[in-house]
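The residues making up each chain are set out below.
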Amino acid sequence: MSGEQPEVVEYERADEAVRDGVGEEDNPIPLWFNVGFYGLMVFGVLYILFYLLTDWSSLGEYEVQVAAAEAQSRAVRAALPTSNPYTGNAAAIEEGREVFATICMACHKADGSGMVGPSLVDPYWKYGGSDAERFQSVAEGRPGGMPPWLAQLGTEKIWKALAYASTLQRSAEPGVGSPEYVAPTAGAAPTP
Ligand code: HEC
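The rules we used
- Residues numbered from 1 in each chain as written.
- Predicted model: local features only at pLDDT ≥ 70, side-chain atom pairs only at ≥ 80, totals over all residues.
- pLDDT = per-residue confidence, 0-100.
- Helix = DSSP H or I, 4+ residues; strand = E, 2+ residues; numbered from the N terminus.
- Buried ≥ 20, exposed ≤ 12 C-beta atoms within 10 Å, placed from the backbone.
- Expected span 1.5 Å × (residues − 1).
- Bend = angle between axes of the 7 residues up to and from the residue.
- Core = buried A, V, L, I, M, F, W, Y, C linked by C-beta atoms within 7 Å.
- Contact = placed C-beta atoms within 7 Å.
- Near = placed C-beta within 6 Å.
- Nonpolar A, V, L, I, M, F, W, Y, C, P; charged D, E, K, R; others polar.
- Axes fitted to C-alpha atoms, helices over the stretch in contact; angles between N-to-C directions.
- Parallel < 35°, antiparallel > 145°, perpendicular 65-115°, else oblique.

A few words on the confidence of the model for the protein chain. Averaged over every residue, the pLDDT of the protein chain is 87; the share at 70 or more is 86%. Looking at the elements of the protein chain, mean pLDDT is at its lowest for strand 1 (residues 18-19), recorded as 63, and at its highest for helix 3 (residues 90-108), recorded as 97.

Right, let's get into unusual backbone geometry. The phi torsion at Lys-109 lies on the positive side, around 70 degrees, for a residue other than glycine. As for its placement among the helices and strands, Lys-109 is situated in the loop between helix 3 and helix 4 (131-140). Owing to 22 C-beta atoms within 10 Å, Lys-109 belongs among the buried residues under this scheme.

Here the focus is helix 3. For helix 3, with 19 residues, the first-to-last C-alpha span of 22 Å runs short of the 27 Å given by 1.5 Å per residue. The largest bend in helix 3 comes to about 50 degrees, at Ala-101. Buried within helix 3 we find Ala-92, Ile-93, Gly-96, Val-99, Phe-100, Cys-104 and His-108. One or two positions beyond helix 3, positive phi appears at Lys-109, with a value near 70 degrees.

Counting 18 residues, the largest nonpolar core has Ile-158, Ala-161, Leu-162 and Ala-163 as the members making the most contacts within it. Looking at this core element by element, the count peaks at seven residues for helix 5 (residues 150-167). Excluding residues within four positions of it along the chain, Leu-162 makes contact with Asn-84, Arg-134, Phe-135 and Val-138.

For the rest of this paragraph, the subject is the site of the ligand. The environment of the ligand is made up of 25 residues, and the closest members are Cys-104, Cys-107, Gly-117, Gly-144 and Gly-145. Here the shell around the ligand takes five residues from helix 3, the largest share from any one element. Tallied by class, the residues present in the shell around the ligand amount to 17 nonpolar, five polar and three charged.

Packing of helix 3 against helix 5 leaves a shortest axis separation of 7 Å and a crossing angle of 95 degrees. In this view, helix 3 runs roughly perpendicular relative to helix 5, as classed from their interaxial angle. Within the contact between the two elements, helix 3 uses Ala-92, Ile-93, Glu-95, Gly-96, Arg-97, Val-99, Phe-100 and Cys-104 and helix 5 uses Leu-153, Lys-157, Lys-160, Ala-161, Ala-163, Tyr-164, Ala-165 and Thr-167. Class assignment of the residues belonging to the contact of helix 3 with helix 5 gives a composition of ten nonpolar, two polar and four charged.

The structure is reproduced here in structure tokens:
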């Protein structure tokens, strides 16, 4: 075997081999490199141990967050007043109008008759039309595309927005989102 190997030119001392003016030297590995190299190994071992021995993982964080959200949701339910404290309160309704115009209008339309979100002025309520049920719809969201607003708005602004929504002109017809609703132009969504 070894006899068939091509002949390799060997230099007696590697650090004397100079080609094209470039010499190879035999200096010690710099300290910064060793610190980084062994430091990373130590870091890696500690990281794995920490990951395995504690709850510190994305799954663990997820579970903590879910538990926190459920606790918050229970707290909301427990603290829920059964009727809107701002009904008939002109100043609060004015504040609610601003919240409605900034946030709710985009999906429920300025007059509450609905676009992406269902009509809030027709007789039909998918999740219930009581103050408490409507509050829950807004605070916790609903699966069909209604985002939860409690974290962003807090209870006061939600009540105020709902107090304002209650002042909108009611309609006796089934509106957007109700099962009997018929779009004005067949197949077309109502224009904003
Ligand atoms: C991103 C669009 C969007 C925004 C913004 C939005 N909603 Fe909704 N909303 C929806 C959708 C979609 C539904 C229907 C959810 C379903 O059917 O599960 C809904 C449902 C509701 C319901 C329940 C209706 C029913 O028939 O039971 C209420 C009440 C409501 N929204 C009020 C509000 C208020 C008040 C705001 C402003 C704070 C708001 N929404 C902001 C999209 C939105």
